[in-house]
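Single-letter residue listing:
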Amino acid sequence: MFPAGAEELLRTNVVLGSTIQIDALANRAQPQSRNTLEALINHYPTSGAAAPTGANTLNLALTTSALKNLRVSMAPSSATQGSAQYYECDLNAEQTVVSNCVPSTTGTYSIDDVNGERVLRFTGQPPTPAIRYHVVYSEIRWVAGDPNSQWVYRAHETKPGLVSRQAASHRLNEAAWTAMKTQLGL
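In this text the structure is predicted, and so the values were computed from the model without any measurement.

A.B. asks: I'd like a rundown of the state of the cysteines, residues and numbers included.
C.D. replies: Counting across every chain of the model gives 1 disulfide. The disulfide that involves Cys 89 links it to Cys 101, with 2.0 Å between the sulfurs. With the S-S dihedral at roughly 115°, the linkage between Cys 89 and Cys 101 falls on the right-handed side. Of this pair, Cys 89 sits in strand E5 (residues 81-91) while Cys 101 sits in strand E6 (residues 98-114), and the two are 12 residues apart along the sequence.

A.B. asks: Would you mind going over the packing of aromatic side chains in detail, with residue names and values included?
C.D. replies: Counted according to the given criterion, the structure contains 1 aromatic pair. Both rings, one in Trp 142 and one in Tyr 153, keep their centres 6.1 Å apart while their planes meet at 80°; by these two values the pair is edge-to-face. Of this pair, Trp 142 sits in the loop between strand E8 (133-141) and strand E9 (150-158) while Tyr 153 sits in strand E9, and the two are 11 residues apart along the sequence. Classification of Trp 142 by relative accessible area gives partly exposed; the value is 48%. Overall, the relative accessible area of 6% leaves Tyr 153 in the buried class.

A.B. asks: Tell me about the nonpolar core, and name the residues and values.
C.D. replies: By size, the foremost hydrophobic cluster in this structure holds 21 residues, and its most contacted members are Leu 58, Leu 60, Val 72, Met 74, Leu 120, Phe 122 and Tyr 137. Elements that contribute at least two residues to this core include exactly helix H2 (37-43), strand E3 (58-62), strand E4 (68-75), E5, E6, strand E7 (117-123) and E8. Residues within four places of Leu 60 in sequence aside, it is in contact with Leu 70, Arg 71, Val 72, Tyr 86, Phe 122, Gln 125, Val 135, Tyr 137 and Arg 154.

A.B. asks: Just give me the short version of the pattern of salt bridges, but keep the residues and values in it.
C.D. replies: With the rule as written, the count across this model stands at 6 salt bridges. Here Glu 38 makes a salt bridge to Arg 118, at a shortest N to O gap of 2.5 Å. Of the two residues, Glu 38 is situated in helix H2 and Arg 118 in strand E7; the sequence distance between them amounts to 80 residues. Residue class for Arg 118 comes out partly exposed when judged on its relative accessible area of 26%. Ionic pairing is found between Arg 118 and Glu 139, a salt bridge with its closest N-O pair at 3.0 Å. In this pair, Arg 118 sits in strand E7 while Glu 139 sits in strand E8, placing the two residues 21 residues apart along the sequence. Take Glu 139: its relative accessible area is 10%, and that puts it in the buried class.

A.B. asks: Outline the domain arrangement of the chain, supporting the account with residue identities and numerical values.
C.D. replies: For the chain, the assigned domains read domain 1 (1-16 + 166-185) and domain 2 (17-164). If you average the C-alpha positions of domain 1 and of domain 2, the two centres end up 39 Å apart.

A.B. asks: Can you lay out the sheet that holds strand E2 (residues 20-21) for me, pointing to particular residues and giving the numbers?
C.D. replies: Read across the open sheet, the 8 strands follow the order E2-E9-E8-E7-E6-E5-E4-E3; overall the sheet is antiparallel. Of all strands in the sheet, those with a lone pairing partner are E2 and E3, marking the two edges. Pairing geometry for E3 and E4, over 4 bridges, is antiparallel. Across the sheet, residue Ala 61 finds its bridge partner in E4, namely Leu 70.

A.B. asks: Tell me about a nonpolar patch on the surface, residues and numbers included.
C.D. replies: A cluster of nonpolar side chains, contributed by Phe 2, Leu 172, Trp 177, Leu 184 and Leu 186, occupies part of the molecular surface with about 540 Å² of accessible area. Judged by relative accessible area, Leu 186 falls into the exposed class, the value being 71%.

Definitions and limits used
Residues numbered from 1 in each chain as written. Predicted model: local features only at pLDDT ≥ 70, side-chain atom pairs only at ≥ 80, totals over all residues. Heavy atoms only, no water. Disulfide = S-S within 2.5 Å. Helix = DSSP H or I, 4+ residues; strand = E, 2+ residues; numbered from the N terminus. Phe/Tyr/Trp six-rings, centres within 6.5 Å; stacked < 30°, edge-to-face > 60°. Buried < 20%, exposed > 50% of the residue type's maximum accessible area, 1.4 Å probe, protein only. Core = buried A, V, L, I, M, F, W, Y, C linked by side-chain atoms within 4.5 Å. Contact = heavy atoms within 4.5 Å. Salt bridge = Lys/Arg side-chain N within 4 Å of Asp/Glu carboxyl O. Domains from an automatic or database assignment. Pairing = 2+ DSSP bridges. Patch = residues over 30% accessible without salt bridge, like charges linked within 9 Å, V, L, I, M, F, W, Y side chains within 5 Å. Areas by Shrake-Rupley, 256 points an atom, 1.4 Å probe, with all protein chains shown as cover.

Structure, rendered in structure tokens:
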């Protein structure tokens, strides 16, 4: 039972601008052999893609559920823009094995300069309602002039629609929090 004056506060946030973030540096980097966006594109050419296994396709996102995966291959390879072939694949329960890939739509890819960083973006892909962001790949050099400090990371770019940019949080005011701490024995 909460005392008089206890309240739950609802805060609504809206992201106004386009944001790109790498959510986990430790496991979002591509192998060092693919440390440029051109090397990444070259590693996943449409000519080498194989359905139904998804071999030689790049992971993009979850599509309609946690067990559906969107993948891509690109042509021409090593170009700053070109065509993208999308595939929708099944994932096992642990999301570690890709299978039953079927070609989906075609679109394009491009390498864009965003705030001084090179970013690989994709257009024309199937809808990805299971997530609130688009997957992009970003090339980052951590030490100027040192090519060994350059890596390509999987990153997330906020989708443009309000549903993807809006978030809500619930907070307790001091009276409610004090009562809850007492009930929890804290």
